[in-house]
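For reference, the chains in residue letters:
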Amino acid sequence: MTATEISKLVGVTRATVSNWRKRHEDFPKPVGGTEFRPVFDWNAVQAWLADRGQDATDAPILSLQTELRSALSSDDARILLAGLKPSDSGWVSSDPATTDAVSGVLKTLAHAAEVEGPRAALQALADHAHGGEQNVGLYRTPELVAALMAELLEPLQAGPTRVLDPACGGGSLLVAAAERGATELYGQDISETQAALARLVVQAETEVDADIATGDSLHDDAFPGLEVDAVLSSPLSVRDWAADRVHIDDPRWAYGTPGRMDSDLAWVQHALAHLRPRGRAVLLLPAHVASKASGRRIRGALLRAGALRAVITLPPRLPQLLWARLNPQIWILEKPDPDAAVADSVLLVDTAAGEAAQSGAGDAVDWPPVAETVRRVWSAFVEGRAAQAEEPNVSTVVRVVDLLDEEVDLTPGPRVRLAIDPEIVADEADTALSRLRATVAELADASEAVGQVRQISGATWRTATLSDLASGGAVRILRAQPSRSTASDDEDLRLAITGRDIATGGPASGKIKVEPDSLAVEVEIGDVLVPTVRVPRGQAFRIGGPEEEGIALGPNVQLVRTDPQRLDPWFVAGFIGGIDEGSSLGTTAIHSALHRTRIPLLPLAQQQRYGEAFRRLHQLRAALAQAGEAVDQVAEVMTTGLVAGALEPTAGSATHEDIGNPRGGSE
């Protein structure tokens, strides 16, 4: 077991484990690994912890990974995975000569499956069979995305009974299909280990015996002639798929022979070839497939035949999505029915730009609104409600003939931005202009207020550092204590204000875990909140108000709490924020040496006059920031409206001087 895994099991940081090794000579010595990544005997570590009264957290998956490393080689794990059979107690090996090591692994595997679920337990075994590196050569469809893709099969006549995934990986999409009614499941994967994993996962989670084959579907299709109701797949995009190994007259290439760099369009046609008429395929593909020059002929053929029904751009930073799919799209295709009219329109959806993709804080995507948006517009489109399928900044229905230009570019974003409602854009423009006028007025008022100062001769004050003032009880300097726990349920987390929130002027966005035996530092009205790292042009402090009262102090924030009978908080904040110790160095971030900040020792009444001046300057900066945001909003809304043809300049908006100046404006 590595030091990182020990830290997770015990609930401490990785640095704590390193300190144990340095400070305690009796800490178990490494039994393998390398100098930089040593491996320890977990039983010895547990015994060492028990001697000190500390128990390890029950983490079945980590325990399984540890036992696999110590008991089985990767080859042994691969053989075990291929021969596993379900039993009443979990799984048994098909090998009659099961060793004690394998029996121990099977027992731990069953416990992990009971606590964490069969998929997680079996995945740990498959990872070890792949050499222990969880993501090398593997490529998994996140469960949330798999669920959405399966839902997009509906409504499908009589529902999807027979489903194929020709690049099934660990079986996520087949499980999602079974959970929505599919009873016949077929899968193929080039990796023996992944194929074995898919077979076991599907069986364990759905009780459906899937027909899973091993091999390269594009070159050695395990199910020739099979027609299914639906194809769900997330095939791996490769640079060169060896197109020269496939006959040019292959019946799958009904829409054109894909080039060696167009593996994705080979998968698209492979999926269509396995569908019954009016059957549906939902594929997760990289975004470049929609616009790549070498694929325009095949994209055009798909459109003319009515085979392509929707292209949906998903937001980046999807949960669990691997680097290969940072810009993913969902393509929905339908096998043309020779007895039905050819579809003459396509749904284009761009959730990456819509409000549904905005999380509001941090980098994670708020997935439920994204999935709901996609389901809503797709259902409206497939049911013939084109007006409801079009949502501003999210989706548009485009005629096929309008897409058949020289590029045949199916990227949703540009089309979605052009398909906007003029009335909505006009309302947004009016709202943005009203906000701009209001913020400009606030900026003017703030600029007048800050002028209420007068010249004096250079003042000399006695000063004291904040550290000295804290020793005398005039201030308290507080910071949040880091949690000792590495994981937590959402119910255990509290809203907290972070250094980033202060620097950007945004609301509290952090989450912290509060230990049962400790109290969070809560913000009070009048507290001076200072980020531990100064960002140029970012706010240097914030004074706690009603919005911050009671919120926990989060990471990268220091709190200065003054005695109101001795120090005015705005006075203190002004001197904290007014001295930029690193500006002359040209650095992009300035570590705040808060304790060394010197504060003049003035009477309280004089402090309050200075504090009021600092407050007005703070308001001026805030007004300027708000005005800048309003300007950006006006420019974005009006530019979009003008470009999309939803707005036009009024008759008197241009002067002769403007028209005569090719650079715009007047000279």
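These numbers were taken from a predicted model, which means no experiment stands behind them.

Peer 1: Explanation requested: the overall build of the protein chain in the structure shown.
Peer 2: Along the backbone of the protein chain there are 22 helices and 24 strands. Looking at the protein chain as a whole, 44% of its 667 residues are labelled buried. For the protein chain, the exposed area adds up to about 34300 Å²; of that, 51% sits on carbon and sulfur atoms.

Peer 1: Help me understand a negative patch on the surface, please; the structure alone is not making it clear to me.
Peer 2: Residues E423, D427, E428 and D430 make up a contiguous surface patch of negative charge. Secondary-structure assignment places D427 in helix α17 (residues 422–449).

Peer 1: Hey, could you run me through helix α7 (residues 118–129) in this one?
Peer 2: Structural remark: α-helix, 3.6 residues per turn; residues separated by three or four positions point the same way. A rise of 1.5 Å per residue sets the reference length of α7, with its 12 residues, at 16 Å; its end C-alpha atoms lie 17 Å apart and thus fit the reference within 8%. Of all 12 residues making up α7, 10 are buried, and the element is well covered by its neighbours. Inspection of α7 places R119, A121, L122, Q123, A124, L125, A126, D127, H128 and A129 among the buried residues, and these make up the whole buried set. G131 sits one or two residues past α7 and shows a positive phi near 105°.

Peer 1: Would you explain the side chain of R119 in this entry?
Peer 2: As for its position among the elements, R119 is in helix α7. For R119, a relative accessible area of 15% translates into the label buried. At a separation of 2.9 Å, a polar atom in the side chain of R119 contacts the side chain of E205.

Peer 1: What should I look at first to understand the sheet that holds strand β21 (residues 552–553) in this one?
Peer 2: The strands making up a sheet associate through hydrogen bonds between their backbones, and the pairing can be parallel or antiparallel. Across the sheet, three strands lie side by side as β17-β16-β21; this open sheet has mixed pairing. On the outer flanks of this sheet lie β17 (510–513) and β21, each paired with one strand and no other. Bridge count between strand β16 (residues 493–497) and β21: two bridges; the pairing is parallel. Bridging across to β21, A496 finds its partner in A552.

Peer 1: Would you mind going over the sheet that holds strand β13 (residues 395–399) with me for this structure?
Peer 2: Spatially, nine strands are ordered β7-β6-β5-β8-β9-β11-β10-β12-β13 in an open sheet, and the strand pairing comes out mixed. Either end of the sheet is taken by a strand with one partner, and the two such strands are β7 (211–214) and β13. Across this sheet, the average inter-strand angle for adjacent strands is 15°, counted without regard to direction. Sheet topology places strand β12 (residues 345–350) next to β13; five bridges connect them, and they run antiparallel. For L347, the partnering residue across the bridge sits in β13 and is V397. Its contacts with the sheet put helix α8 (residues 143–151) on β8 (228–233), β9 (275–286) and β11 (328–334), and the angle it makes with β9 is roughly 155°. Packed on one face of the sheet, helix α13 (residues 367–382) meets β9, β10 (308–313), β11, β12 and β13 and runs near 170° to β12.

Peer 1: Looking at this structure, how should I read unusual backbone geometry?
Peer 2: Excluding glycine, residues mostly have negative phi values, and the peptide bonds linking residues are mostly trans. Residue E207 is not a glycine yet carries a positive backbone phi of 65°. Inspection of the secondary structure puts E207 in the loop between α10 (192–206) and β7. Its identity is not glycine, yet A242 carries a phi of approximately 60°, on the positive side. Among the secondary structure elements, A242 is positioned in the loop between β8 and α11 (263–273). Taking relative accessible area as the criterion, A242 reaches 21% and is therefore assigned partly exposed.

Peer 1: Just to check I follow, could you spell out the pairing of β12 for this structure?
Peer 2: A regular strand places its side chains on the two faces of the sheet in alternate fashion. Of all the six residues making up β12, six are buried; the element is thus mostly covered by neighbouring parts of the structure. The side-chain alternation of β12 yields two buried faces, one formed by S345, L347 and V349 and the other by V346, L348 and D350. Across four bridges, the pairing between β10 and β12 is parallel. In the sheet register, I312 faces β12, and the bridge partner there is V349.

Peer 1: Before we go on, may I ask you to explain the packing of aromatic side chains in this structure?
Peer 2: The geometry of an aromatic ring pair is captured by the separation of the ring centres together with the interplanar angle, meaning the angle of the planes. What the rule picks out here adds up to 12 aromatic pairs. Pairing F27 with F40 gives two aromatic rings, centres 5.7 Å apart and planes at 80°, and the pair type is edge-to-face. A residue pair is termed long-range when its members are at least 10 positions apart, and F27 in the loop between α2 (14–23) and β1 (32–33) and F40 in the loop between β2 (38–39) and α3 (42–51) qualify at 13 residues. Take F27 and F40: they sit in the same class, and that class is buried. Taken together, the ring pairs connect W461, F571, F575, Y610 and F614 into an aromatic cluster.

What counts, and where the lines are drawn
- Residues numbered from 1 in each chain as written.
- Predicted model: local features only at pLDDT ≥ 70, side-chain atom pairs only at ≥ 80, totals over all residues.
- Heavy atoms only, no water.
- Helix = DSSP H or I, 4+ residues; strand = E, 2+ residues; numbered from the N terminus.
- Buried < 20%, exposed > 50% of the residue type's maximum accessible area, 1.4 Å probe, protein only.
- Areas by Shrake-Rupley, 256 points an atom, 1.4 Å probe, with all protein chains shown as cover.
- Patch = residues over 30% accessible without salt bridge, like charges linked within 9 Å, V, L, I, M, F, W, Y side chains within 5 Å.
- Salt bridge = Lys/Arg side-chain N within 4 Å of Asp/Glu carboxyl O.
- Lys, Arg positive; Asp, Glu negative; His and termini not counted.
- Charge placed at Lys NZ, Arg CZ, Asp CG, Glu CD.
- Expected span 1.5 Å × (residues − 1).
- Polar contact = N/O pair within 3.5 Å; in protein donor to acceptor, adjacent residues only side chain to side chain.
- Pairing = 2+ DSSP bridges.
- Axes fitted to C-alpha atoms, helices over the stretch in contact; angles between N-to-C directions.
- Contact = heavy atoms within 4.5 Å.
- Phe/Tyr/Trp six-rings, centres within 6.5 Å; stacked < 30°, edge-to-face > 60°.

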